[in-house]
Amino acid sequence: METVTITMKNLPTLYLEADTISPDAFAGKTAAQIAELPAFEGNVPTTLGAYFTVSGSAGATAAETKIVVKGDVTKVKYLGFKMTAGELVIEGSTDLYVGAWMTGGKILAKGDVAAFAALAMKGGELTVEGNAGNYLGAAYRGDWRGMSGGKIVVKGNAGSDIGMYMTGGEITVGGDVDVHALTHAEGGKLVVKGNAKSKLGGQMVEGTIIVFG
């Protein structure tokens, strides 16, 4: 597996939408080509190279590509967006939509992830060593298709509305979860090793919730 390391060099003033930071987008590209991949700061078109130093080169396919993200990416959204294979390691905390709509591969976030991580996830693995925000593994707002497969492990706490409209897959939270876990669920499994605040499984049809706290 080939490794590409991207390191934040210029912090965005606004939030950076970087859905091209994924093994699928990097596959088959050199460092120079990766630096030219598109991104948006607010509504302004830009490139990854305007914010990140890129080193290494990607594998021929997504499955042969590993990405390591270094530096302050707390204002970067969509890391691992629609991943199908490969690996992504985020060495700190990051913003919204980590691993959203992912179908395969592995993401390791060594810090916290904000809301909507693993949104509508179909496969793969997301491991968060810190805390996760609201709507983890949930459906996109206005949709009724939440997480249907894959595995999420959060070693810290998770926010509200996790697993909303979940139909499959598994979420394990090492700490506590906030209100409305697995609302409208029609399958899947949630294991909470800490406490669950209230309103578990509202309008749940099928699935499993285990709370140790």
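Cut-offs applied
- Residues numbered from 1 in each chain as written.
- Predicted model: local features only at pLDDT ≥ 70, side-chain atom pairs only at ≥ 80, totals over all residues.
- Heavy atoms only, no water.
- Helix = DSSP H or I, 4+ residues; strand = E, 2+ residues; numbered from the N terminus.
- Contact = heavy atoms within 4.5 Å.
- Pairing = 2+ DSSP bridges.
- Axes fitted to C-alpha atoms, helices over the stretch in contact; angles between N-to-C directions.
- Buried < 20%, exposed > 50% of the residue type's maximum accessible area, 1.4 Å probe, protein only.
- Core = buried A, V, L, I, M, F, W, Y, C linked by side-chain atoms within 4.5 Å.
- Phe/Tyr/Trp six-rings, centres within 6.5 Å; stacked < 30°, edge-to-face > 60°.

(A) Up close: the environment of Ala60. Topologically, Ala60 is positioned in the loop between β5 (52-56) and β6 (65-70). Between the C-alpha atoms of Ala60 and Met1, which are 59 residues apart in sequence, the distance is 9.3 Å. Among all residues touching Ala60, those that are not within four sequence positions of it are Ala27 and Gly28.

(B) Structural detail: the sheet that holds strand β13 (residues 186-192). If you walk across this open sheet you meet the ten strands as β5-β1-β6-β8-β9-β10-β11-β12-β13-β14, and the pairing is mixed. Strand pairing shows two members of the sheet lacking a second neighbour, β5 and β14 (206-211), which therefore form its edges. Ignoring strand direction, the axes of neighbouring strands in this sheet form an average angle of 10°. With four bridges joining them, strand β9 (residues 106-109) and strand β10 (residues 125-128) adopt parallel strand pairing. Looking at the pairing, Ala109 lines up with Val128 of β10.

(C) Highlighting the sheet that holds strand β2 (residues 16-17). Strand order in the open sheet formed by four strands is β4-β3-β2-β7, and the pairing between neighbours is mixed. At either margin of the open sheet sits one strand with a lone partner, and together these are β4 (44-47) and β7 (76-77). In the sheet, β2 pairs with strand β3 (residues 38-41) via two bridges, with the strands oriented antiparallel. Residue Glu17 lies in a different strand from β3, and its bridge partner there is Phe40.

(D) The side chain of Thr5, seen in detail. Here Thr5 lies in strand β1 (residues 2-8). Thr5 sits in the buried class, given a relative accessible area of 18%. Sequence-distant contacts of Thr5, defined by excluding residues within four places in its chain, comprise Thr53, Val54, Ser55, Val68 and Lys70.

(E) Representation of the nonpolar core within the structure. Ranked by size, the top nonpolar core spans 52 residues in total, and within it Ile21, Phe26, Phe52, Leu126, Leu136 and Ile152 carry the most contacts. Dropping the residues within four chain positions of it, Phe26 is found in contact with Val4, Ile6, Thr20, Ile21, Ile34, Leu37, Leu48, Ala58, Thr65 and Ile67. In this structure, Ala115, Phe116, Tyr135 and Ala138 belong to the second largest nonpolar core, which totals eleven residues.

(F) Seen up close, the packing of aromatic side chains. Counted by the stated rule, this structure contains six aromatic pairs. Measuring from centroid to centroid gives 5.7 Å for Trp101 and Tyr140, while their planes differ by 45°, and the two rings are tilted. Remark: Tyr140 occurs in the loop between β10 and β11 (151-154) and Trp101 occurs in the loop between β8 (87-90) and β9; sequence separation between them is 39 residues. Since its relative accessible area comes to 40%, Tyr140 is described here as partly exposed. Three or more aromatic residues link up through ring pairs in this structure, and these residues are Tyr78, Phe81, Tyr97, Trp101, Phe116, Tyr135 and Tyr140.

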